[in-house]
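The residues making up each chain are set out below.
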Amino acid sequence: MASIKHLFHINTSKEKVFEALATIEGLSGWWTNKVSGDCNAGGVIEFRFGDFGGPDMNVKEIKPNESVTWEYTSCNFSWGRYMESLRQFCQTGNGEAVGSEGYRK
């Protein structure tokens, strides 16, 4: 399977970024506010976007404050928008999660 890697700067601590990527509360702050599941290695996280449904991510590997590896079998071309939302969430505490007050339609 091909992989996609994103590398960009977020002006905050690695601990804060890890929490945004590795917890249900963190994920719901920048991607969609409808997140549930198990964020531990071997778990599955479900992301829902209203009537559109959404992807399930298999959590492949977690290295605390270092990396998070998910497996997703479909391509999502809106990742760029959500990466910017992640940056905003980590730096200011306010992301643009789908369904949140700050979401731009």
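Residues numbered from 1 in each chain as written. Predicted model: local features only at pLDDT ≥ 70, side-chain atom pairs only at ≥ 80, totals over all residues. Heavy atoms only, no water.

Looking at this structure, I do not really get the sheet that holds strand E2 (residues 44-48). What am I missing?
Spatial ordering of the open sheet is given by E1-E2-E3-E4, a layout of four strands whose pairing is antiparallel. The strands lining the two open edges of the sheet, one partner per strand, are strand E1 (34-37) and strand E4 (67-71). In this sheet, adjacent strand axes meet at a mean angle of 30° when their direction is disregarded. Bridge analysis of E2 against strand E3 (residues 56-63) gives three bridges, and the strand direction is antiparallel. Note that in E3 the partner of Ile45 across the bridge is Met57. Running at roughly 20° to E4, helix H1 (residues 14-22) makes contact with E3 and E4 of the sheet. (Pairing = 2+ DSSP bridges. Helix = DSSP H or I, 4+ residues; strand = E, 2+ residues; numbered from the N terminus. Axes fitted to C-alpha atoms, helices over the stretch in contact; angles between N-to-C directions. Contact = heavy atoms within 4.5 Å.)

So what exactly am I meant to see when it comes to the pattern of salt bridges here?
When charged atoms on two side chains of opposite charge get close, those side chains can pair. Applying the stated criterion across every chain yields a total of three salt bridges. Between Asp56 and Arg48 there is a salt bridge whose closest N-O contact spans 2.8 Å. With a shortest N-O distance of 4.0 Å, Lys60 and Glu71 are connected by a salt bridge. Here Lys60 is found in strand E3, whereas its partner Glu71 is found in strand E4, with 11 residues between them in sequence. (Salt bridge = Lys/Arg side-chain N within 4 Å of Asp/Glu carboxyl O.)

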